[in-house]
Amino acid sequence: MSCSLSDIWLLVSTGVKRNIFSMDKFVQKRPWADDAKITIPIKKLKAEGNQEEQPVVDDEFADPVPWQKIESKGLDCDYAMLFTKEEADELFQKLEEEVVYSTGVEATVQVFGKVYNIPRKQATYGDSGLIYTYSGVRRLACPWTPTLEYIRDSVTKITGHIFNFVLINRYKDGNDHMGEHRDDERELDPMSPIASVSLGAARDFIFRHRDARGKQSGPCIEPVKMVLAHGSLLLMNPPTNTFWYHSLPVRKKILLPRINLTFRRILPISQNSKVLH
């Protein structure tokens, strides 16, 4: 029997609900009835400069998806399915055609003074002139592609937050991974969440509290593990990245690719210096 890439993703995703529901003590489900009209409270978009914040009323997003609230000590996340399987399949294929990934020095990372090849492909897109620096590498934003703009705007419509930059990670299979880290660079707006959109193979995603790392770890704080499904959105709200590290571990049984897009809000250089002081 032959299966398409889309069909295999669907089979992989069938175990996602079970894995997410296994972390019931971290998840707060909202009591929406199946036949109830689901609405999302109107949120205010953060505007540039001194302009007043403008409320967003989304008429196009007629069927907002229910959110799952994931909470622990200092951890505040929201999880939902943003795209249907058919939409997610199409977006994945378009990104495969549009995104140009980094090579050479930009495909390396510096850890404790040593340079390593990044165990995945990366690309950065965003508003003109934006630069994001992490692990010793400065990344200039490439212009938005039509598909990235569509995904970015879809995230804004459902969250009420404006994002001006996206970091893209492409994992060819389960051997590609991401080590424990926090997204706490000085360029990031500390008041803005980070929105993570997943397309492709479902992968384990693990949060670990900063006090639970290493041999000299403090009080026992359990890690929070979830599975990020094809077409899903994970919103990491402040102060999550202050207290919790996150990672995408090696899973050798995963044979299919995954693309992850983390939408961020980068501060202008003048505001960066204010944050430092």
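Here the residue numbering is sequential within each chain, running from 1 through the sequence in written order. With pLDDT at 70 or above as the cut-off, local features in this predicted model cover only qualifying residues; side-chain atom pairs require 80 or more to be listed or tallied, and sums for whole chains, interfaces and linings still use all residues. Side-chain calculation: all heavy atoms of the structure are included, whereas hydrogens and water are not.

1. A look at the nonpolar core
Definition used in this section: a nonpolar core is a set of buried Ala, Val, Leu, Ile, Met, Phe, Trp, Tyr and Cys residues joined via side-chain atoms within 4.5 Å. Any residue under 20% of the maximum accessible area for its type is buried, any over 50% is exposed, and the rest in between are partly exposed; the area is computed with a 1.4 Å probe on protein chains only. Core analysis: the biggest nonpolar cluster contains 28 residues, and Ile151, Ile168, Val197, Leu199, Leu261 and Phe263 have the highest contact counts within it. Strands here are runs of E lasting at least two residues and helices are runs of H or I lasting at least four, both read from the DSSP assignment and numbered beginning at the N terminus. Breaking this core down by element, the ones donating at least two residues are helix H3 (85-98), strand E8 (121-126), helix H4 (146-159), strand E11 (165-171), strand E13 (194-200), strand E16 (232-236) and strand E18 (258-264). Apart from residues no more than four positions distant in its own chain, Leu199 is found in contact with Ala88, Leu91, Phe92, Leu95, Ile151, His230, Gly231, Arg258, Ile259 and Leu261. Core analysis: the next-biggest nonpolar cluster, separate from the first, contains 26 residues, Cys77, Leu130, Tyr171 and Ile221 among them. We call two residues contacting when some pair of their heavy atoms lies within 4.5 Å.

2. Here's the deal with the packing of H3 against H4
Where H3 meets H4, the axes come as close as 9 Å, and the angle between the chain directions of the two elements is 135°. On the basis of the axis angle, H3 is oblique to H4. When H3 is examined against H4, the residues Leu91, Lys94, Leu95 and Glu98 are found in contact with a partner set consisting of Pro146, Thr147, Leu148, Tyr150 and Ile151. Residues were grouped as follows: Ala, Val, Leu, Ile, Met, Phe, Trp, Tyr, Cys and Pro as nonpolar; Asp, Glu, Lys and Arg as charged; and all remaining residues, including Gly, as polar. For the contact of H3 with H4, the class distribution of residues is 6 nonpolar, 1 polar and 2 charged. Only C-alpha atoms enter the line fits that serve as axes; for helices the fit covers just the stretch in contact. Angles between N-to-C directions range over 0 to 180 degrees. We call two directions roughly parallel when the angle between them is under 35 degrees, roughly antiparallel when it is over 145, roughly perpendicular when it lies between 65 and 115, and oblique otherwise.

3. Here's the deal with the sheet that holds strand E14 (residues 203-209)
Only strands that DSSP links by at least two bridges are regarded as paired with each other. Across the sheet, which stays open at both edges, the 4 strands sit in the order E12-E17-E14-E15 with antiparallel pairing between neighbours. Because the sheet does not close on itself, it has two edges, and the strands there are strand E12 (178-181) and strand E15 (224-228). On average, each strand axis in the sheet is inclined to that of its neighbour by 15°, with strand direction left out of account. Of the pairings in the sheet, the one linking E14 to E15 comprises 5 bridges and is antiparallel in character. Following the sheet pairing, Phe207 is matched in E15 by Val224.

4. Describing a nonpolar patch on the surface
Each patch is assembled from residues with relative accessible area greater than 30% and no salt bridge, linking like charges that lie within 9 Å and nonpolar side chains (Val, Leu, Ile, Met, Phe, Trp, Tyr) that lie within 5 Å. For the area figures, the Shrake-Rupley method with a 1.4 Å probe applies, and any residue is considered shielded solely by the protein chains shown. What makes a salt bridge here is a side-chain nitrogen of Lys or Arg within 4 Å of a carboxyl oxygen of Asp or Glu, nothing more. Taken together, the side chains of Val111, Phe112 and Tyr116 present a nonpolar region at the surface, about 370 Å² in accessible area. Note on placement: Phe112 falls in the loop between strand E6 (108-111) and strand E7 (114-117).

5. Topic: the side chain of Asn260
If you trace the backbone, Asn260 turns up in strand E18. Asn260 sits in the buried class, given a relative accessible area of 6%. For the purposes of these results, a polar contact is taken to be a pair of N or O atoms within 3.5 Å, where, inside protein, one atom must be able to donate a hydrogen and its partner to accept one; residues adjacent in sequence count only when each atom of the pair is a side-chain atom. A polar atom in the side chain of Asn260 sits 2.8 Å from the side chain of Ser196. Polar side-chain contacts of Asn260 include one of 3.1 Å to the backbone oxygen of Val197.

6. Describing H3
For the α-helix, the turn length of 3.6 residues means that residues three or four positions removed from each other point alike. Multiplying one less than the number of residues by 1.5 Å gives the expected span of a helix. A rise of 1.5 Å per residue sets the reference length of H3, with its 14 residues, at 20 Å; its end C-alpha atoms lie 20 Å apart and thus fit the reference within 8%. Listed as buried for H3 are Ala88, Asp89, Leu91, Phe92 and Leu95. Angularly, the buried residues of H3 cover 170° about the axis, an arc narrow enough to put them on a single face. Summarising the geometry of H3, the exposed residues directed more than 90 degrees from the buried face are Glu86 and Glu97. Arc definition: directions from the helix axis to the C-beta atoms.

7. A look at the packing of aromatic side chains
Only rings of Phe, Tyr and Trp enter the pairing, Trp through its six-membered ring, and a pair is recorded when the two centres are within 6.5 Å. The plane angle decides the type: under 30 degrees is stacked, over 60 is edge-to-face, the rest tilted. For the coordinates displayed, the defined rule picks out 5 aromatic pairs. Measuring from centroid to centroid gives 6.3 Å for Phe83 and Tyr150, while their planes differ by 25°, and the two rings are stacked. Of this pair, Phe83 sits in the loop between strand E5 (75-81) and H3 while Tyr150 sits in helix H4, placing them 67 residues apart in sequence. Residue Phe83 is classed as buried on the basis of its relative accessible area, which comes to 6%. With a centroid separation of 6.4 Å and 10° between ring planes, the pair formed by Trp144 and Phe263 is classed as stacked. You can see Trp144 sitting in the loop between strand E10 (137-140) and H4 and its partner Phe263 sitting in strand E18, a full 119 residues away along the chain. One cation-aromatic arrangement involves Arg152 over Trp144; the distance from NZ or CZ to the ring centre is 4.6 Å. To sit over a ring, a charge needs its Lys NZ or Arg CZ within 6 Å of the ring centre and within 35 degrees of the ring normal.

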